[in-house]
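Geometric and topological summary
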Protein chains: 2
Amino acid sequence: MPNEVPPTTRQLRSLVTADGTLELSIATVDTPTPGPGEVLVRVEAAPINPSDLGLLLAMADVRGATSSGPADDPVVTAPIPDRAMKGLAARIGEPMPVGNEGAGTVVAAGANDDAQALVGRVVGFAGGGSYSEYLVVPAFLCMALREGTPATKGASCFVNPLTALGMVETMRAEGHTALVHTAAASNLGQMLNRVCLGDGVPLVNIVRRDEQAAILREIGAEHIVDSSSLTFTDDLTEALIATGATLAFDAIGGGALAGQILSAMEAAANAKGGEYSRYGSDVHKQVYIYGGLDRGPTELTRDFGMAWGIGGWLLTPFLGTLGLDGMLRLRQRVVDELETTFASHYTDEVSLAGALDLDAMATYARQATGQKFLIRPTLA
Amino acid sequence: MPNEVPPTTRQLRSLVTADGTLELSIATVDTPTPGPGEVLVRVEAAPINPSDLGLLLAMADVRGATSSGPADDPVVTAPIPDRAMKGLAARIGEPMPVGNEGAGTVVAAGANDDAQALVGRVVGFAGGGSYSEYLVVPAFLCMALREGTPATKGASCFVNPLTALGMVETMRAEGHTALVHTAAASNLGQMLNRVCLGDGVPLVNIVRRDEQAAILREIGAEHIVDSSSLTFTDDLTEALIATGATLAFDAIGGGALAGQILSAMEAAANAKGGEYSRYGSDVHKQVYIYGGLDRGPTELTRDFGMAWGIGGWLLTPFLGTLGLDGMLRLRQRVVDELETTFASHYTDEVSLAGALDLDAMATYARQATGQKFLIRPTLA
């Protein structure tokens, strides 16, 4: 591909209006110029991750979306429920670029050595606005892929790989020795299984359907429990006794599941016997909610003693606690294992305009297991 | 009072039977002999704290209690709801001594110097089974009161004072600068107000009734919000903006309150302005549940971003994190300020048998603000 840089670039934008409407469109803007420590990337591939949907869709009702304009330059509007508008106040009237990560070729760079070193390389990168044809990114947020690795294989090299590694790092930092993961058959969940199998970390996978269990069995997962089963509580408790897991990462958020995990961890702790304590076991049990597949309230029955915690977990602040060395160690592992441990699979490839197709939107908004979209911004 | 030690001692016991009945009685047992580092205390005063009720009443339905036997040696039975029995399995058939703290005169001591040094002193102590006439306690769990301080003034020198101080210590250790407290007009809540006023720590008091607000205004509390008010959310947010509090201690546990506090903290953080983030503010907001006035489920709406945590908080493990020096520093402050900051007031004084009077039980089981019982085990 020629490395000529066009004067303008197209970029997907998400706008929330004061009257409660989401408006998605493709803006044409001047192609930005990289500063000293920055590079200009021609974005060849960018995934739609669950963590992109909050900014992209702004909790709008996608079933009520309508589209206008030409097929290659559509404008999509959809109504936003009133109860969601409170949390969106700060972005009203501001068209926002979308996309947390992607991969592509560095076609220009600023004066700094680390930026110049990337010219001509295919890089995976993190940085807002990856649903763009061309994007300026700080050089330190780029991972140069191995020679010959295409951009499509590096598009998801930040969010899911670092989240999976971050969960295991958090486990170690907080003194746990095994993990529980919900929505466990997701792309991320499969990566986490491969990381845990590689590192010898026992992992309890919680799924909601038999097909999801089958996906995980296929890749060698040892502990799989189905929350839709009548024997879920017993199955989970047994898996927790077997693994000793006292830390869970929950992608679902709403409903009873987070509390059920804490209850089963407490039952597992008490199954070891020991003296009665009116305050429950002294084993600290922790659930981190990192997603919101169920946006309803979280309900905790608190039948799990006093040694427990639940909280939000977010990748970026966690990475901030690692320091530069820790961060580089994780990134090197991602580059080394990009086509094995951290391989992503996509069911759909779309252009920028294709990402605003109403059928496509309805599909990726559902966040169904196995379905994953890749945007190819520089596709015709 | 003579220091002759009788050969037997009476002790309140709580028994859960396999058929789901609570049985409270007064056992007569051999008076124990202190080991080398222990002392024998004639217990002259012991409070009934909310934290004693779990062990004492075992979630039984006190309204269904019946009493038999003579007035000075009653046996009380009450039914325990089925759903509560699961958590009580480990104590079935085991008559348990009750009472977390008390005060009295050291009438005998083991050979060690620190134990011997306490002979004849009036001490406050922590240690299970304080609802006894005589009790053996490790010397290091005794605080010698100033000469002339009666046992009634030292009876509550561990649980509430160290909990109030522990909350402020936790705040500092976790990087917060102000506190929120619920059920704030309690005996503990009043102590916490005096500690915070003394230390210049801003404190937001959440109460449920006007009378409770009045109690706190009386002792100089600055920020008082009433959760039964129609303007509660706004009032709380305003107080959080004024104080910058990002840590709450919640005695209630069930219902929406813990989540409402997190939501208001998030609103207060966002009121400062700043850039929109789809993940909410980056201010960490924390609620610790340390009591269970409402035993129903905790419901979290999660409209407070991703930087949040909620968890159990328990005094004893917290004290374990302080180390010996920290612990001694806190204890010295309690002794120094026992009749000011840490003064407790009791509405009822009862004998061991009087604590099993059905009317008395109905009263203290309600945990009404302002009502506090003191057991005088060595009263006739």
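Below, the structure is looked at part by part. (Residues numbered from 1 in each chain as written. Chains lettered and ligands numbered in written order. Predicted model: local features only at pLDDT ≥ 70, side-chain atom pairs only at ≥ 80, totals over all residues. Heavy atoms only, no water.)

**A look at the overall build of chain A**
Along the backbone of chain A there are 11 helices and 20 strands. A globule of 380 residues ought to have a C-alpha radius of gyration of about 21 Å, and chain A, at 22 Å, matches this closely. Per-residue burial over chain A gives 54% buried out of 380 residues. Long-range pairs, those at least 24 residues apart, make up 71% of the contacts in chain A with a sequence separation of at least 6. Counting every atom, chain A has about 15,900 Å² of accessible surface; 52% of that belongs to carbon and sulfur. (Helix = DSSP H or I, 4+ residues; strand = E, 2+ residues; numbered from the N terminus. Rg over C-alpha atoms; globule rule 2.2 N^0.38 Å. Buried < 20%, exposed > 50% of the residue type's maximum accessible area, 1.4 Å probe, protein only. Contact = heavy atoms within 4.5 Å. Areas by Shrake-Rupley, 256 points an atom, 1.4 Å probe, with all protein chains shown as cover.)

**Focus on the environment of Thr163(A)**
Residues and elements named next belong to chain A. Its place among the elements puts threonine 163 in helix 5 (residues 159–173). Taking the C-alpha atoms as reference points, threonine 163 and threonine 301, separated by 138 residues in sequence, lie 29 Å from one another. Not counting the four nearest positions on each side in its chain, threonine 163 is found in contact with Phe158, Leu188, Trp313 and Leu315.

**Some words on the pairing of strand 3 (residues 38–47) of chain A**
Residues and elements named next belong to chain A. Within strand 3, nine of the 10 residues are buried, which leaves the element mostly enclosed by the surrounding structure. In this sheet, strand 9 (residues 134–138) lies alongside strand 3 in antiparallel orientation, the contact comprising five bridges. In the sheet register, arginine 42 faces strand 9, and the bridge partner there is tyrosine 134. Sheet topology places strand 3 next to strand 7 (residues 101–109); six bridges connect them, and they run antiparallel. (Pairing = 2+ DSSP bridges.)

**Thoughts on the pairing of strand 3 (residues 38–47) of chain B**
The pairing of strand 3 of chain B with strand 20 (residues 373–375) of chain B spans two bridges and is classified as antiparallel. Note that in strand 20 of chain B the partner of Pro47(B) across the bridge is Leu374(B).

**Observations regarding the relation of the copies chain B and chain A**
Screw-axis analysis of chain B against chain A gives a translation of 0.0 Å along the axis, an RMSD of 0.0 Å, and a rotation angle of 180°. What the superposition gives is, in effect, a two-fold axis relating one chain to the other. In this assembly the copies share their binding face: 100% of the residues contributing to the interface of chain B also contribute to that of chain A. (Least-squares fit on C-alpha atoms with pLDDT ≥ 70 in both.)

**Section: the interface of chain B and chain A**
Taken together, the 36 residues of chain B in the interface contact 36 residues of chain A. Across the interface of chain B and chain A, roughly 2,900 Å² is buried in total on both sides, 58% from carbon and sulfur atoms. Among the residues of chain B in contact with chain A, Tyr276(B), Arg302(B) and Met306(B) are the three that bury the most area, contributing 26% of the side total. In this structure, the connection of chain B to chain A is made through two salt bridges. In this structure, Asp303(A) and Lys86(B) form a salt bridge, with 3.8 Å as the shortest nitrogen-oxygen distance. Elements with a minimum of two residues in the side of chain B that touches chain A: helix 1 (50–57), strand 15 (253–255), strand 17 (294–300) and strand 18 (308–312) of chain B. Considering every element that reaches the side of chain B that touches chain A, the biggest residue donor is strand 17 of chain B, with seven residues. (Buried area = accessible area lost by both parts, 1.4 Å probe. Salt bridge = Lys/Arg side-chain N within 4 Å of Asp/Glu carboxyl O.)

**Concerning the environment of Ala269(A)**
Residue and element names in this part refer to chain A. Considering the arrangement of structural elements, one finds alanine 269 in helix 9 (residues 257–271). For alanine 269, a relative accessible area of 12% puts it in the buried group. For the pair alanine 269 and isoleucine 241, spaced 28 residues apart in the sequence, the C-alpha separation amounts to 7.6 Å.

**A word on the packing of helix 8 (residues 232–243) of chain B against helix 9 (residues 257–271) of chain B**
In a pair of packed helices, the angle between the axes and the distance between the axes together describe the arrangement. All names here are of chain B. Across the interface, helix 8 lies against helix 9 with an axial gap of 8 Å and an inter-helix angle of 55°. The angle between helix 8 and helix 9 falls in the class oblique. Considering how the two elements wind past one another, helix 8 and helix 9 form a crossing that is right-handed. On helix 9, the residues that touch Phe232, Leu236, Thr237, Leu240 and Ile241 of helix 8 are Leu257, Gln260, Ile261, Ala264, Met265, Ala267, Ala268 and Ala271. Grouping the constituent residues of the contact of helix 8 with helix 9 by class yields 11 nonpolar, two polar and no charged. (Axes fitted to C-alpha atoms, helices over the stretch in contact; angles between N-to-C directions. Parallel < 35°, antiparallel > 145°, perpendicular 65-115°, else oblique. Left-handed = near helix turned anticlockwise from the far one by under 90°. Nonpolar A, V, L, I, M, F, W, Y, C, P; charged D, E, K, R; others polar.)

**Quick look at the pattern of salt bridges**
Counted by the stated rule, this structure contains 26 salt bridges over all chains. As a salt-bridge pair, Glu337(B) and Arg333(B) come within 3.2 Å of each other at their nearest N and O atoms. Here Glu337(B) falls in the partly exposed class, since its relative accessible area comes to 21%. Here Arg376(B) ties to Glu349(B) by a salt bridge, and the two come within 3.0 Å at their closest N and O atoms. Of this pair, Arg376(B) sits in the segment after strand 20 while Glu349(B) sits in strand 19 (residues 348–350); the two residues are 27 residues apart in sequence, bridging distant segments of the chain. Judged by its relative accessible area of 48%, Glu349(B) is partly exposed. Within this structure, Arg172(A), Asp199(A), Arg333(A) and Glu337(A) form a network of salt bridges that share partners.

**A look at helix 1 (residues 50–57) of chain A**
Residues spaced three or four apart along an α-helix face the same direction, because each turn holds 3.6 residues. Residue and element names in this part refer to chain A. All buried positions along helix 1 are accounted for by Asp52, Leu53, Leu55, Leu56 and Leu57. The elements touched by buried residues of helix 1 are strand 1 (8–16), strand 2 (21–30), strand 3, strand 6 (96–97) and helix 11 (358–365). Phi turns positive, to about 50°, at alanine 58, one or two residues after helix 1.

**Looking at the sheet that holds strand 4 (residues 66–68) of chain B**
All names here are of chain B. Strand order in this open sheet of five strands is 4-5-2-1-6, and the pairing throughout is antiparallel. Only two strands of the sheet have a single neighbouring strand rather than two, namely strand 4 and strand 6 (96–97). Pairing of strand 1 (residues 8–16) with strand 2 (residues 21–30) involves nine bridges; the strand directions are antiparallel. Residue pairing for strand 2: arginine 10 is matched across the bridge by threonine 28. Where helix 1 meets the sheet, its contacts fall on strand 1, strand 2 and strand 6, and the angle it forms with strand 2 comes to roughly 95°.

**Thoughts on the packing of helix 5 of chain A against helix 10 (residues 315–336) of chain A**
All names here are of chain A. Between helix 5 and helix 10, whose axes approach to 10 Å, the crossing angle comes to 110°. Between helix 5 and helix 10, the crossing angle belongs to the class labelled roughly perpendicular. Touching Val159, Pro161, Leu162, Thr163, Leu165, Gly166, Glu169 and Thr170 of helix 5 are Leu315, Phe318, Leu319, Leu322, Met327, Arg329, Leu330, Arg333 and Val334, all from helix 10. Classifying every residue of the contact of helix 5 with helix 10 gives 11 nonpolar, three polar and three charged.

**Here we look at the packing of aromatic side chains**
All names here are of chain A. Applying the stated criterion across every chain, the model contains 10 aromatic pairs over all chains. Between phenylalanine 304 and tryptophan 308, the aromatic rings sit 5.1 Å apart at their centres with planes inclined by 70°, giving edge-to-face as the arrangement. By relative accessible area, which is 0% here, phenylalanine 304 ends up buried. Summarising the aromatic geometry, the rings of tryptophan 313 and phenylalanine 318 are spaced 5.5 Å apart at their centres and angled 35° between planes, so their arrangement reads as tilted. Per residue, the accessibility class of tryptophan 313 equals that of phenylalanine 318, and both read buried. Connected via pairs of aromatic rings, a cluster forms that spans Phe249, Tyr288, Trp313 and Phe318. (Phe/Tyr/Trp six-rings, centres within 6.5 Å; stacked < 30°, edge-to-face > 60°.)

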